[in-house]
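Survey of secondary and tertiary structure
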Amino acid sequence: MVNLSRIYLYFSLLVLAVSTEACHSSQHAASGNGKNYHSQQQAKGVNTKNLKSDERKLVEEAMTWLGTPYRYGGQDYSGTDCSGLTMKVYHKALGIKIPRNSAEQQRFCKSINRKSLNAGDLLFFCTGRDKTRVSHVGLYIGDGRFIHSSASRGVIISHIDERYYATKYHSSGFVSRKGYKQPDIKAPKQDKKKATPKEKKAPETQPLKFEIPKDKKAEVELNQAIENRIDSIYSSFLD
């Protein structure tokens, strides 16, 4: 039996998302900066000087994608989804081919502890209806931050300790980079351990922060909650 109330909720959220995006677009047009200004703000504070050569190449390549719009099945600068982004970054930066799908990328990687993350490693999340199935991936850039393609906001930088991503976190993975040969063997077992509130620790370096007027904080928090909910809805339908 069709759950009409649930369909109505999804439809209402999607309509709201379109309205919000239209509003954002109008504001960008008025300022004359658009997504380029937003991307520059996101990129502030990302330092690649102390990274190893392969890590620096991965992060710098990923940074060139900031501001790219989200497009399901896309994998270029006109639009990309999350796994298309990480696949292209690895191929363009290091010439390494990884699977196209986020769940396949998780199985392809060597599972590592979240505390052992280095720039270039991949983060996996369960954002769909199945809370155990990987449906989103991002590339770690250091200091608790990662680059990913959000269904509602395109390619952005987020922090792993943000409540939404902390609760959706599944595992972390390392992609072998030396003497690379695409393996023809079964992937390693999944790291089934999920992060819990007790396991979360404050990052050594504070994430990017932008000054928000007090009277706008409630509005920003509401917009973020709506965008995160829309991401979950998109993932549910696109799994």
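One numbering rule holds for all chains: residues counted from 1, following each sequence as written. The model is predicted, so local features are restricted to residues of pLDDT at least 70 and side-chain atom pairs to those at 80 or more, both for listing and for counting; the totals for chains, interfaces and linings are taken over all residues. Derived side-chain values reflect all non-hydrogen atoms in the structure, with water molecules and hydrogen atoms excluded from consideration.

Once that is clear, we can look at the sheet that holds strand β5 (residues 136-142). In space, the 6 strands of this open sheet follow the order β3-β8-β4-β5-β6-β7, with antiparallel pairing throughout. With partners counted over all chains shown, the strands left at the sheet margins are β3 (110-112) and β7 (154-159), one partner each. Averaged over all pairs of adjacent strands, the angle between their axes in this sheet comes to 35 degrees, without regard to strand direction. The sheet contacts of helix α3 (residues 53-63) involve β5, β6 (145-150) and β7, and relative to β5 the element is tilted by about 120 degrees. Running at roughly 45 degrees to β5, helix α4 (residues 82-94) makes contact with β4 (122-125), β5, β6 and β7 of the sheet. Strand pairing is defined by DSSP finding a minimum of two bridges between the two strands. What counts as a helix is a DSSP run of H or I of at least four residues, what counts as a strand is a run of E of at least two, and both are numbered from the N terminus. Angular values range over 0 to 180 degrees, each being the angle between N-to-C directions of two axes fitted as lines to C-alpha atoms, with helices fitted over their stretch in contact. Contact between two residues is taken to exist if any of their heavy atoms lie within 4.5 Å; hydrogens are not considered.

Below, the discussion takes up α4. One less than the number of residues in a helix, times 1.5 Å, gives the span that helix is expected to have. Between the first and last C-alpha of α4 there are 18 Å, a value that for 13 residues agrees with the 18 Å anticipated at 1.5 Å per step. Only protein chains enter the accessibility calculation, which uses a 1.4 Å probe; a residue is then buried when its area is under 20% of its type maximum, exposed when over 50%, and partly exposed in between. Residues of α4 that are buried include every one of C82, S83, G84, L85, T86, M87, V89, Y90 and A93, and no others. One or two positions beyond α4, positive phi appears at G95, with a value near 75 degrees.

Turning next to the packing of aromatic side chains. Centre distance and the angle of the planes are the two values used to describe a pair of aromatic rings. Centres within 6.5 Å make a pair out of two Phe, Tyr or Trp rings, where for Trp the six-membered ring is used; the pair is then stacked when the planes are under 30 degrees apart, edge-to-face when over 60, and tilted otherwise. Scanning the entire structure with this criterion turns up 6 aromatic pairs. Both rings, one in F125 and one in Y169, keep their centres 6.2 Å apart while their planes meet at 80 degrees; by these two values the pair is edge-to-face. You can see F125 sitting in strand β4 and its partner Y169 sitting in strand β8 (residues 169-174), a full 44 residues away along the chain. Taken individually, F125 and Y169 each receive the classification buried, so the pair is uniform in this respect. Ring-over charges, as used throughout, are those where CZ of Arg or NZ of Lys falls within 6 Å of the ring centre and within 35 degrees of the ring normal. The positively charged end of R114 is found above the aromatic ring belonging to Y169, 5.2 Å away from the centroid.

Averaged over all residues, the pLDDT of the protein chain equals 76, while 57% of them reach at least 70. For every residue, the predictor assigns a confidence score, pLDDT, that lies between 0 and 100. Taken as a whole, residues 17-34 scores under 50 in pLDDT and shows 6 contacts with residues more than four places along the chain or in a different chain. Low confidence marks residues 180-188, where pLDDT is under 50. Its contacts with residues over four positions away, or in another chain, come to 11 contacts.

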